[in-house]
Structure formats: structure tokens, C-alpha cells
Amino acid sequence: MRNVPLRTHWLLLTTLVLTLSAALLLQGYTQHLFDSRPDAEAREPVSAASVPEQIASGGPVIEGASGRAATPAPRTIALTFDDGPDPVWTPRILDVLRRNGVRATFFTVGTKVAENPGLARRIVDEGHQIGLHSFTHTDLGAASAWRRSLELRETQLVIAGATGVTTPLLRPPYSSTAKALGDAGWEAVVHAGQEGYLTVLTTLDSEDWRRPGAERIAANSTPKDTGGQVLLMHDAGGDRAQTVAALEQLVPRLKASGWTFATVGDAVALPGAVRPAATTDRWQGLALITAIRTSDWILEGLSWLLWAAGAVSLLRAVAVFVAARRHVRMRRKPWGPAVTEPVSVIVPAYNESAGIEAAVRSLLASDHPVEVIVVDDGSTDGTADIVEALRLPGVRVIRQQNAGKPAALNTGIAAASCDLLVMVDGDTVFEPDAVRMIVQPFANRRVGAVSGNAKVVNRGGLLGRWQHIEYVVGFNLDRRLFDLAECMPTVPGAVGAFRREALLRVGGVSDITLAEDTDLTMALCRDGWRVVYEERAKAWTEAPASLGALWKQRYRWCYGTLQAMWKHRGALTQRGQAGKLGRRGLVYLLMFQVLLPLLAPVVDVFAVYGLVFLDPVRIVGLWTAFLVLQVLMGLYAFRLDGERPGPLWSLPLQQFVYRQLMYLVVIQSVFTAVAGSRLRWQRMERYGSLQVPVTPPATAVPGPQPGMQPDPLPDLQPGPLPAPDPAYAAYAPDGGYDTAPAWDPYPHAGPQTPQHHIWPSDGPGGAYR
């Protein structure tokens, strides 16, 4: 495996985000900037001072650049249809025209052509002319110059891509007769003329958009004199059944009266109204059509995905709330007879000089008999010297060469004299009753490990508050749920208790993964042990005080958790306690700590998309609703933990910095894991936030004493000990990645070299995190 850091995944992520943004931008422009107002919507009178007289009183076909206009020949009707193509009504209108041997002109909307390229091809193949009606049916007179050019160019491209031809014919949306042309409309006509387009207005309006009935539409479409006409009808924009019925009456009637139906080009004798498209235009048009249709599929798929994610997140919130209430009621019952046997507390330490004294003194201040074993893992800052200089009773210091935290923990386990072990980080201070509280669940002999309640001590500043909120709301509420579901995936390294027998049966602490606490907890579950949560066992730990330090810590946590999940994936198909871990715990972690965070960038991009193209009030309302849900969960979690809710005021701000950092960590971890790269242990900076407790110490256990025996197991709660799970012991007989490492449970207590060490040491100045 490689040890070099990855960079290509960030390029890939950036490319994916930019592609998604481009797709949504295209979708937003084509769908949500589409002007769907009726063509004849009432408008305020407009000035026409700049419109030349020859245009206002001239024909309906206008060349804007030269100011010339043309009129169809007498007794000639140019039948025109706007707003299509429509998959329902355009084919029916084409059928009517084919039966009557009539050619017409279809002014198509670019987005509609992209949606129905086959209908655009049919229009051209059956001898009709095709024209432009803008890309999004926008009012060109009210649009800026750049948007006019964009609307015309994009429409021309999709027509070229769909039909293989280009056309100079344009009908601006919301236009009517030349006499009704205003200054803004005339400006758009001139602009179009400068870009090579002929503007086709109307002389006769069927008013089929009013849906007055087929008879009225036919009557409105009948000329009052013999002058040439450009007749306006619609093949899209709603139910056009009346238009189809009116055509069935109108065409034969006018033909019988001596009228000739022609395309616009033929009616004004325009040569080459439709020409073959250039190869580049054709390919660009096909690419644009593909992009539009792909963006439609992406938006539809992601919309369903986001709705599903929202529903799952809501269900998770409900489940966590219900589980927390049940957990509170469950904890009112005692675990069983009080556990009073002494406890060995193991403190692995690497360059912990800033907080080791406070950590050790807090342990000796416990109201439960303890022995404290500090395993100095080759520190270079005098950590071991500090502890030895204290000369505290019941505290032993073991020095070893730097070999990593798992090796230090295994050294402590081997040196411990008690059957109940507590493992604590060197930056953690225990409350006086924490040890007593955390060992009480061992009254149930099925319990192999207990998770305590880690709390942030340096909660000043926004970053500290946000981590404090995460510890109280996220970690602890989830642990209550895991406890009820009997699928606890992690006993935190800061505060956890273990039955020595359980540790020996799974081979001690493995160094296969970076998250040794998660790996160990999953191994215990797979071996049949219950792992529970005791929220009353509180310990205070230092959290990272900078974004860089937080990134390093969470990157290791997340990457290590992914390693542990992969290592213990066999639990998905096992039964008993292992199956609960697999089908409950691992699935939960995969859903809410991997997949949903991977979807988070999409949520953010969609939020911006909604603010720009959708209803901003609705988007803000949805965001506010989820924020309120988070606040309510926070208030409940803070109440359960006995915390003041003041820090929750920063929760809205957490959504704009902290949340993004956390999902970027997940993305980085997933890419690193998929690429097969190896992550090194990260240096953790200490800040000296921990305070030395002043509580008088309880009786300490100085070490192994002749005749001192722990409470015998038969005196505890009745019931058999869980049998070793053969599936765990041999779930990878080939010795592969899914195998517990060989481990000598009884090495001599002193400097030693661990049998397994994968990662390099932290280097000078580092600490376990």
C-alpha cells in the first residue's frame, strides 16, 4: 500500500461538484427561468416612439437590420404554430395537416425541442418549416442583450442538433402585430436582425389560447378580406383539443374558398428559409440536447435521493429520541449487586506532559479503589519523569520504546493486577465517581465492555462549542440508541471499561486499524459480549482547538472506523450478538456516518440551486425546519446530560463551517480507503486545559498484592458467561485482514517491543489521537 497522500481525489471531487453545479445551472435556466405566462396576457400600454412608421404599418415579416417588411401574397395564409413541440398535440396537428396536404411553420421553444427532438425532426421531414420561439419562452423585449443572444443561439443549436437544419425565422414570445410593436420589442427585432434573423409577427390571431371552442377559433382564423395573412395558433401550452378540432373545419373551408396555405418562407418568397446545419453546429446541438436531458435525469434522481435522505434523517431523529427516553427509564434500574472490586486503570501516554499530572491525580481522586498504570510509549517530553516525580501511591510507570497506542495498551493489560480494567487517554480527567459508575454494569456477567460519557473541557470559542454540541448531541444520543439495540460499535479511548477476560479472548488490542477502540469494541461484540453505555461515568477530555488539528483527528477516526467496519464485515451474516452488530450497528454507521455525509455536498449545492431558481422562502423554511429539529434534539440531549443549553445558540453557524469540514473528512477517508493508501498516526497538540482535582484520593491499589483477589464471578448476577464465538476466532483462517492478531497475554511488565506495529511513530511532540 502507498504511504503518499492523495491529491487526485480532491480533483475528482471538485470535478463532480462543478459538473453537478453546471447540470443544476442548466436545469435551473431551462426549467425555472421558463416564462409560462399566456401569450396574450394583459400588459400596460408601451411607448412606440422609436418604431419606424413603415414597420408599424407594414407587413408581418421584418428584417430588423434594414427596416424592411414583407407581406404574404393575396389569398395566401401562412399557418403558424407557437410554443411546441408538444408530445401530445403536435403529432395530432401534424396528422391533420398531412391529411389536408397543408404545409405550416412551427415556431419552437428550444427547451421543448431538447425534450422532443423526434417531433422536431418530423416537422422538418414532413415539409414544414421550423422557426425559433426563444429558448425559454422569454420576453426578448424585456431581456438584456446578452440573454437575447443566448436565447437565440441555444435555440438554433438544439434545432440544428435535432433536425440537421438551421433557420432564420424568429417569432418573439408575447409578440403580435406590427402595429402593437413597442420600443423594447423593436429593439429586440433590430438585435435579432443584426444576428441574421427575420422576425415573423402576425396579422390574424385565432385566440385559441383562450379556448373559446372550435367554432370560435375557426371564426377568428377566417380572413375578413383577400389580403395575405400570417395566422397565429398554438400546438403546446396546455390542452389544444379545440385547436385540432378547429383545424379540421378551417383548412377544408378556406381551401374551398380559394385560399392557399403556405409556409412563411413560401408566402413571402424567401429563398433558402431553411438550410442544412454546419457540422460543428450539429454536434454542438447534439451535445446541448444531451446535456439538457442528462441534467433532467440527474435532477430527478437526486431529488428522489434527497427526499429519501431527508425521510431517513427524520426517522433517525425520531428513533434516537425514543431510544433516549427508553434508555433513561432503563437506567433507573440497578445493574445488579454493587461492584466494589478494585480496578486497574491503564493510561497509554505519548508526549502527554501538558496534562498527564491532572489525568493521574483525577484517577487517584476516585471514590473507588484503583491502581493506575501509566505506560509511557517512548515519550520525548518527559511524560514518565513527571509521573514518577509525583511519587503517588498506587501509580506505576512502565516505559517502553515507541510502538503505538495499541502496543501501549497491551502492555498495560499484561501488567494489570485486577480483573476489571479502565482505559483512559492521557488528556482526560475523570470525575470522582466516574470509575465507580463505569464498572457497575459488570454486575451483569454478559457485559464485556462499558462506554463512558466523554465531555469536552475546552469548550470556549466557536470550535470548542461545536465539538461540545457534537459530543453531547451526536455521540451520546447515538450511544443510547446503540445500547438499546445491543450493537455498540465504539467504546471511546477517553473513557472505557473492560472485563479482562473479554480482552484476552479477543487477543487484546489490535493494531490492524487506526481506530483501535472501535476495532476492539466490534471484536468484543462479535465474541458474544454485551457492550453498554453508562452516561453517569463522566470524563473530561481536551478537544482540538484549531481546524487543522480537528481535521487530523477526525480524519484518523473516520478512516479507522472504515477499516474496522471492513474488518468486521463478516458480522453481517452472523447470528447472536455479532449479528446485531453487523445488521444494526454496521448498517447504521454505513448509512449515517458514510453515505449521508457523502451526499452532503449535493445538499449544499441543491440549497444554493433552490435559493436561486426555486422559491427561496420555501428553501429557507425547509432549512429552518431541520434546524429547529436539531435544536430540539440538542435541548433534549443537553437536559439528559445536565448541561446548560447556552452553547446551542451557535448551532445555526455550525451548518456553514463545521458541517462542511466533517463531510469533507468523510470524503477524504473514503477516497483514501478505496485507493488502498495507508494513513499515518497524526500528531495531536495538547493545550494544558485540564485542571488538577483537589478532591482527596480514595484508597489506591498499589499493585499486585499477595492474597488480594477480585470479587469472584459466581457472586455476580446469575447467568452463564458468553461462550467464545467460533466465527470470530476463525473468521479469516487464511490470516488475512479479517484476523485477530496473535498476542501473548503474559509478557513481562517492562520495556518491550510489540509483536505487531504497522504505522510509524508520531515523531517528536506528538500524542495519541
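Residues numbered from 1 in each chain as written. Predicted model: local features only at pLDDT ≥ 70, side-chain atom pairs only at ≥ 80, totals over all residues. Heavy atoms only, no water.

### Describing the environment of His 191
Phase 1 of the analysis: For His 191, the position within the fold is in helix 7 (residues 183-194).
Phase 2 of the analysis: Measuring from C-alpha to C-alpha, the distance between His 191 and Leu 140 comes to 9.8 Å, with 51 residues separating the pair along the chain.
Phase 3 of the analysis: Not counting chain neighbours up to four residues away, the residues in contact with His 191 comprise Ala 145, Arg 148 and Ser 149.
Phase 4 of the analysis: A polar contact of 3.3 Å, which involves the side chain of His 191, links it to the side chain of Ser 149. (Helix = DSSP H or I, 4+ residues; strand = E, 2+ residues; numbered from the N terminus. Contact = heavy atoms within 4.5 Å. Polar contact = N/O pair within 3.5 Å; in protein donor to acceptor, adjacent residues only side chain to side chain.)

### Some thoughts on the pairing of strand 15 (residues 395-400)
Phase 1 of the analysis: Where strand 14 (residues 370-377) lies against strand 15, six bridges are found, and the strand directions are parallel. Its bridge partner being in strand 15, Val 375 is matched across the sheet by Ile 398.
Phase 2 of the analysis: Chirality of the crossover, the property in question, places the unit of strand 14, helix 13 (residues 383-390) and strand 15 among those that are right-handed. (Pairing = 2+ DSSP bridges. Right-handed = clockwise from strand over helix to strand, strands pointing away.)

### With respect to empty space enclosed by the protein
Phase 1 of the analysis: This model, assessed by the stated rule, comprises five cavities of 30 Å³ or more.
Phase 2 of the analysis: When its volume is computed, the largest cavity comes out at roughly 80 Å³.
Phase 3 of the analysis: Taken together, 14 residues form the lining of the largest cavity, with Leu 409, Met 423, Gly 493, Glu 516 and Asp 517 sitting closest to its centre.
Phase 4 of the analysis: Looking at the lining of the largest cavity element by element, the count peaks at three residues for helix 18 (residues 516-526).
Phase 5 of the analysis: A breakdown of the residues in the lining of the largest cavity according to their chemical character gives nine nonpolar, one polar and four charged. (1 Å grid on protein atoms, 1.4 Å probe; cavity = no way out; pocket = protein on both sides within 12 Å on 5 of 7 lines; lining within 4 Å. Points joined across faces, edges and corners; volume = space filled by probe spheres on them. Nonpolar A, V, L, I, M, F, W, Y, C, P; charged D, E, K, R; others polar.)

### Quick notes on the packing of aromatic side chains
Any two aromatic rings considered together are summarised by their centre-to-centre distance and by the angle between their planes.
Phase 1 of the analysis: Evaluation of the coordinates by the stated rule reveals ten aromatic pairs.
Phase 2 of the analysis: For the ring pair Trp 623 and Phe 656, a centre distance of 5.8 Å and an interplane angle of 40° mean the geometry is tilted. You can see Trp 623 sitting in helix 21 (residues 616-640) and its partner Phe 656 sitting in the loop between helix 22 (651-654) and helix 23 (658-675), a full 33 residues away along the chain.
Phase 3 of the analysis: For Phe 656, a relative accessible area of 55% corresponds to the exposed category.
Phase 4 of the analysis: Put simply, the rings of Tyr 471, Phe 475 and Trp 557 pair up and form one aromatic cluster.
Phase 5 of the analysis: Above the ring of Trp 566, the side-chain terminus of Arg 569 is found at 4.0 Å from the ring centroid. (Phe/Tyr/Trp six-rings, centres within 6.5 Å; stacked < 30°, edge-to-face > 60°. Buried < 20%, exposed > 50% of the residue type's maximum accessible area, 1.4 Å probe, protein only. Lys NZ or Arg CZ within 6 Å of the ring centre and 35° of its normal.)

### A short note on helix 12 (residues 356-364)
Counting along an α-helix, one turn takes 3.6 residues, and residues three or four places apart therefore face a common direction.
Phase 1 of the analysis: Burial analysis of helix 12 places seven of its nine residues in the buried class, which makes it a mostly covered element.
Phase 2 of the analysis: Among the residues of helix 12, Ile 356, Ala 358, Ala 359, Val 360, Ser 362, Leu 363 and Leu 364 are the ones counted as buried.
Phase 3 of the analysis: Tucked inside the fold, the buried residues of helix 12 contact strand 13 (343-349), strand 14, helix 13, strand 15 and strand 17 (428-430).

### A closer look at the environment of Arg 500
Phase 1 of the analysis: Position of Arg 500 relative to the elements: it lies in helix 17 (residues 500-505).
Phase 2 of the analysis: When its relative accessible area of 10% is taken as the criterion, Arg 500 is described as buried.
Phase 3 of the analysis: Between the C-alpha atoms of Arg 500 and Val 422, which are 78 residues apart in sequence, the distance is 9.7 Å.

### Things to note about the packing of helix 3 (residues 89-99) against helix 5 (residues 117-125)
Phase 1 of the analysis: Viewed as axis vectors pointing N to C, helix 3 and helix 5 meet at an angle of 15°, and their least axial separation amounts to 11 Å. The orientation of helix 3 relative to helix 5 falls into the category roughly parallel. Crossing hand, helix 3 versus helix 5: left-handed. Contacts between helix 3 and helix 5 pair Thr 90, Pro 91, Leu 94, Asp 95 and Arg 98 from the former with Leu 119, Arg 122 and Ile 123 from the latter.
Phase 2 of the analysis: In the contact of helix 3 with helix 5, the residues fall into four nonpolar, one polar and three charged. (Axes fitted to C-alpha atoms, helices over the stretch in contact; angles between N-to-C directions. Parallel < 35°, antiparallel > 145°, perpendicular 65-115°, else oblique. Left-handed = near helix turned anticlockwise from the far one by under 90°.)

### Looking at the side chain of Arg 479
Phase 1 of the analysis: Tracing the sequence through the fold places Arg 479 in helix 16 (residues 461-485).
Phase 2 of the analysis: Lacking a salt bridge, the buried Arg 479 has Asp 517 as its closest oppositely charged neighbour, with an N-O distance of 7.0 Å.
Phase 3 of the analysis: Dropping the residues within four chain positions of it, Arg 479 is found in contact with Ser 451, Met 488, Thr 490, Pro 492 and Tyr 533. (Lys, Arg positive; Asp, Glu negative; His and termini not counted. Salt bridge = Lys/Arg side-chain N within 4 Å of Asp/Glu carboxyl O.)

### Details of the side chain of Gln 467
Phase 1 of the analysis: Relative to the assigned elements, Gln 467 resides in helix 16.
Phase 2 of the analysis: Excluding its chain neighbours within four sequence positions, the residues that come into contact with Gln 467 are Val 456, Ala 543, Pro 544, Leu 550, Arg 554 and Tyr 658.

### Topic: the nonpolar core
Considering soluble globular proteins, one finds that nonpolar side chains tend to be buried as a cluster.
Phase 1 of the analysis: Grouped together as the largest cluster of nonpolar side chains are 73 residues, with contacts concentrated most on Phe 498 and Leu 524.
Phase 2 of the analysis: Take this core: its biggest share by element is 13 residues, from helix 20 (residues 576-613).
Phase 3 of the analysis: When residues no more than four places from it in sequence are discounted, the contact partners of Phe 498 are Asp 419, Leu 420, Leu 421, Met 423, Phe 442, Gly 448, Ala 449, Val 491, Leu 503, Leu 520 and Leu 524.
Phase 4 of the analysis: Val 345, Ala 349, Val 370 and Val 374 belong to the second largest nonpolar core, which has 40 residues in total. (Core = buried A, V, L, I, M, F, W, Y, C linked by side-chain atoms within 4.5 Å.)

### Side note on the confidence of the model for the protein
Phase 1 of the analysis: On average, residues of the protein carry a pLDDT of 85, and 84% of them reach 70 or more.
Phase 2 of the analysis: Low pLDDT, under 50, characterises residues 1-6; the stretch is placed with twelve contacts to residues that sit more than four places away or in other chains. (pLDDT = per-residue confidence, 0-100.)

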